[in-house]
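Examination of the molecular architecture
Chain residues, written in single-letter form:
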Amino acid sequence: MLRFLVIAPFFAALTLLPLAALAQEVPAEAQMDMWCGTAFELMTRDAPADATPEKLASAKVYADGGALLLQRAIPIYLEAGYTDEALADYRQDLEASIGRVVNGSTRATDDAAYSFQDCSALIGQ
């Protein structure tokens, strides 16, 4: 009986593990919003010193659109079971992955989950 009392909580915890993994399933739309919002954020983060007002205005459209996509996605990730810390870790990994595409250190087709056109359509561009 004592063995059962010691082992039972362990098995109960094991049976809950798949539920925790399922709790972090995020809808495809929110995944796309997170990916595209992060890409736009990275693309517009550091404007060149010699950027013209027209280029800055154009970049602002994408910066604002990226912020909107992230504002839309983040609550969905949290509702799906991500903790603030887990979401911060995920976003950091996502930034690193997308950064390789945005900065040209990898071919865009290798790591790009979505095209520029796919992401632009989300913000009406």
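From a predicted model like this one, the values you see are computed outputs, not experimental measurements.

1. A word on the nonpolar core
Counting residues in each nonpolar core, the largest one holds 21 residues, and the members touching the most others are Val26, Met34, Trp35, Cys36, Phe40, Tyr77 and Ile98. Take this core: its biggest share by element is eight residues, from helix H2 (residues 28–44). Excluding residues that lie within four positions of it along the chain, Val26 makes contacts with Gln31, Ile76, Tyr77, Ala80 and Tyr82.

2. Some thoughts on the environment of Ala67
Its place among the elements puts Ala67 in helix H3 (residues 53–79). Taking the relative accessible area as the measure of exposure, Ala67 reaches 34% and is therefore partly exposed. Each C-alpha atom of the pair Ala67 and Gly37 lies 6.2 Å from the other, and the pair is 30 residues apart in sequence.

3. A closer look at helix H4 (residues 84–102)
Look at H4: 26 Å from first C-alpha to last across 19 residues, which is about the 27 Å you get at 1.5 Å a residue. Taken residue by residue, H4 has Leu87, Leu94, Ile98, Gly99 and Val101 as its buried positions. For H4, the buried positions fall inside an angular range of 140° around the axis, keeping them on one side. Exposed positions of H4 whose direction lies more than 90 degrees from the buried face are Glu85, Gln92 and Asp93. Positive phi appears at Gly104, one or two residues downstream of H4, with a value of about 80°.

Parameters and conventions
Residues numbered from 1 in each chain as written. Predicted model: local features only at pLDDT ≥ 70, side-chain atom pairs only at ≥ 80, totals over all residues. Heavy atoms only, no water. Core = buried A, V, L, I, M, F, W, Y, C linked by side-chain atoms within 4.5 Å. Buried < 20%, exposed > 50% of the residue type's maximum accessible area, 1.4 Å probe, protein only. Helix = DSSP H or I, 4+ residues; strand = E, 2+ residues; numbered from the N terminus. Contact = heavy atoms within 4.5 Å. Expected span 1.5 Å × (residues − 1). Arc of directions from axis to C-beta.

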